[in-house]
Amino acid sequence: MNVGDRHYRTIWLSDDGRSVEIIDQRWLPHDFRVEKVGTVAGIATAIRDMWVRGAPLIGVTAAYGVAMQMADDPSDAALDGVWEALHETRPTAINLRWALDEMRNFLRPLPSGRRAEAAYRRAGEIADEDVGLNRAIGVNGLEIIREIAARKKPGEPVNILTHCNAGWLATVDYGTATAPIYLATEAGIPVHVYVDETRPRNQGAQLTAWEMAGHGVPHTLIVDNAGGHLMQRGQVDMVIVGTDRTTADGDVCNKIGTYLKALAAADNDVPFYVALPSPTIDWTVGDGLAEIPIEQRSGDEVSLVWGKSANGEIAQVRISPETTPTANPAFDVTPARLVTGLITERGVAKASRDGLKAMFPGRG
Ligand code: MRU
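Residues numbered from 1 in each chain as written. Predicted model: local features only at pLDDT ≥ 70, side-chain atom pairs only at ≥ 80, totals over all residues.

- An unreviewed UniProt entry lists the protein under the name Methylthioribose-1-phosphate isomerase, with Mesorhizobium escarrei as the source organism.
- According to the UniProt record, the Function (unreviewed entry) comment for the protein reads "Catalyzes the interconversion of methylthioribose-1-phosphate (MTR-1-P) into methylthioribulose-1-phosphate (MTRu-1-P)." (UniProt positions renumbered as here; feature names shortened; annotations may be inferred.)

Structure follows, in structure tokens:
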């Protein structure tokens, strides 16, 4: 998507053909910084410390990390080692494991002398494929927005609530939850987005709001607890969120707080959609609550908040007593029964094993 008048993806190969450049998302919306990363250790840090984040982008970044390892040492042992090292950087997003498996399965049969070049090529393809998947999600989700718009008075916007950032910053381009929103805007359908701030790291306030502003999408930032109230008052027409891992039974794991939005949506008959590319489906898992590992992040994310002061300094401030204990589960699981539909690249699936099987025959 564009930043100013220049088109950016969130990750691209440097001119040296060996490093990648990434948008360092820790500084947004205050500062737009691009970092060059050229080592596996650098890739691991960028994922773990969330310079890049969002399930699809984590996967693509890891794929490039494998390529960097192959350029250094293309042995089988190094291939297994980089798989392990990158896999442990973030535990919940399944796209990480998907991309690492994809790279290892592709590279393993090749002679070691051909692995580095092939790895960079395959990582680039995975990045390109992500863009295609998200674009297709956008086309399928646009139809839902169009149907809701047709039931509204002319000119009245479709009010969409979203949580966290499942935007272009979370993918290579377009985003998942945002792809239908961007396509609706391009198609001239009036939309308005309620952006949940998404504590503790504020991906909504810092990233989604920045994306919406940058692309001229009317939006309103709300605190995480406001969604239910707005739904009770009929101010939300639909919810669209992304997901870090959706099970073969249709349970949806996403940023902490998603479940509460789904409960409020169900209580108020507001359709609750989840947008996802097929690499986000974990076909090996059925019961999301029992089987998905939930990342537990540092308590500092709860008690310290990043912001920009009046004198332009980007810094953290403490918002709780220094001695107060914290807990910081980063994701929760929304049971399939609360999900109206899964917007995939192939169409909108029912959030159930049968629904996903029908959409992706031969899987699951
Ligand atoms: O912790 P984050 O910022 O990586 O979490 C991101 C999300 O929860 C997104 O909603 C999810 O990865 C889908 S991104 C298309």
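Having seen it, we continue.
Overview of the pairing of strand E4 (residues 20-23)
At step 1: Sheet topology places strand E3 (residues 11-13) next to E4; 3 bridges connect them, and they run antiparallel. By the bridge assignment, Leu13 is partnered in E4 with Val20.
At step 2: Looking at chain direction, E4 and strand E5 (residues 34-37) are connected through 4 bridges and run antiparallel. Across the sheet, Ile22 pairs through a bridge with Glu35, a residue of E5. (Pairing = 2+ DSSP bridges. Helix = DSSP H or I, 4+ residues; strand = E, 2+ residues; numbered from the N terminus.)

Points about the site of the ligand
At step 1: Neighbouring the ligand are 17 residues; Arg53, Ala55, Ala170, Gly242 and Lys255 lie closest to it.
At step 2: Among the secondary structure elements, those contributing two or more residues to the shell around the ligand are helix H2 (55-72) and strand E11 (252-255).
At step 3: For the shell around the ligand, the class distribution of residues is 7 nonpolar, 7 polar and 3 charged. (Near = placed C-beta within 6 Å. Nonpolar A, V, L, I, M, F, W, Y, C, P; charged D, E, K, R; others polar.)

Here we look at helix H1 (residues 40-48)
The α-helix winds at 3.6 residues per turn, so residues separated by three or four positions along the chain end up facing the same way.
At step 1: All of the buried residues along H1 are Val40, Ile43, Ala44, Ala46 and Ile47. Within H1, the buried residues cover an arc of 165° as seen down the axis, which keeps them to one side.
At step 2: The elements touched by buried residues of H1 are E4, E5, H2 and helix H3 (76-87).
At step 3: Met50 sits one or two positions beyond H1 and adopts a positive phi of about 65°. (Buried ≥ 20, exposed ≤ 12 C-beta atoms within 10 Å, placed from the backbone. Arc of directions from axis to C-beta. Contact = placed C-beta atoms within 7 Å.)

Comments concerning helix H7 (residues 203-214)
At step 1: End to end, H7 covers 15 Å across 12 residues, agreeing with the expected 16 Å (1.5 Å per residue, within 8%).
At step 2: Across the 12 residues that make up H7, a large majority, 10, are buried.
At step 3: For H7, the set of buried residues is Gln203, Gly204, Ala205, Gln206, Leu207, Thr208, Ala209, Trp210, Glu211 and Met212.
At step 4: Contacts from the buried residues of H7 go to strand E6 (158-162), helix H6 (178-186), strand E7 (191-196) and strand E8 (219-222).
At step 5: Directly beyond the C-terminal end of H7, a positive phi value near 65° is found at Gly216. (Expected span 1.5 Å × (residues − 1).)

Some remarks on the environment of Val252
At step 1: Residue placement: Val252 occurs in strand E11.
At step 2: Each C-alpha atom of the pair Val252 and Val193 lies 21 Å from the other, and the pair is 59 residues apart in sequence.
At step 3: When residues no more than four places from it in sequence are discounted, the contact partners of Val252 are Thr243, Thr246, Val274, Val333, Thr334 and Val339.

Some remarks on the packing of helix H4 (residues 94-107) against helix H5 (residues 112-150)
At step 1: Two elements in contact, H4 and H5, have axes separated by 10 Å at closest approach and are oriented at 140°. Crossing handedness for the pair H4 and H5: right-handed. Along its contact with H4, which presents Ala99, Glu102, Met103, Phe106 and Leu107, the element H5 presents Arg115, Ala118, Ala119, Arg122 and Ile126.
At step 2: Of the residues assigned to the contact of H4 with H5, the class counts are 7 nonpolar, no polar and 3 charged. (Axes fitted to C-alpha atoms, helices over the stretch in contact; angles between N-to-C directions. Left-handed = near helix turned anticlockwise from the far one by under 90°.)

Re the UniProt feature "active site" (unreviewed entry) in the protein
At step 1: Taking the numbering used here, the UniProt-annotated feature "active site" (unreviewed entry) corresponds to Asp244.
At step 2: Relative to the helices and strands, Asp244 resides in the loop between strand E9 (238-241) and strand E10 (245-247).
At step 3: Judged by the 32 C-beta atoms lying within 10 Å of it, Asp244 is buried.

Looking at the UniProt feature "binding site: substrate" (unreviewed entry) in the protein
At step 1: Per the UniProt record, "binding site: substrate" (unreviewed entry) is annotated on Arg53, Gly54, Ala55, Arg90, Gln203, Asn254 and Lys255.
At step 2: One can find Ala55 in helix H2.
At step 3: Setting aside its immediate chain neighbours within four residues, Ala55 contacts Ala93, Asn95, Asp244 and Thr280.

Topic: the sheet that holds strand E16 (residues 331-334)
At step 1: Strand order in this open sheet of 4 strands is E13-E10-E11-E16, and the pairing throughout is mixed. Bordering the open sheet on either side are strand E13 (281-282) and E16, each of which pairs with just one other strand.
At step 2: With 4 bridges connecting them, E11 and E16 associate as antiparallel partners. Bridge pairing in E16 places Asn254 opposite Asp332.
At step 3: Contacting E11 and E16, helix H9 (residues 258-267) runs over the sheet at an angle of about 30° to E16.

Some remarks on the packing of H5 against H6
At step 1: Their axes nearest at 7 Å, the elements H5 and H6 cross at an angle of 65°. Between H5 and H6, the angle is such that the two are roughly perpendicular. With respect to the hand of their crossing, H5 and H6 are arranged in right-handed fashion. Contacts between H5 and H6 involve Asn134, Arg135, Ile137, Gly138, Val139, Gly141, Leu142, Ile144 and Ile145 from the first element and Ala179, Pro180, Tyr182, Leu183 and Ala184 from the second.
At step 2: Split by residue class, the contact of H5 with H6 holds 10 nonpolar, 3 polar and 1 charged. (Parallel < 35°, antiparallel > 145°, perpendicular 65-115°, else oblique.)

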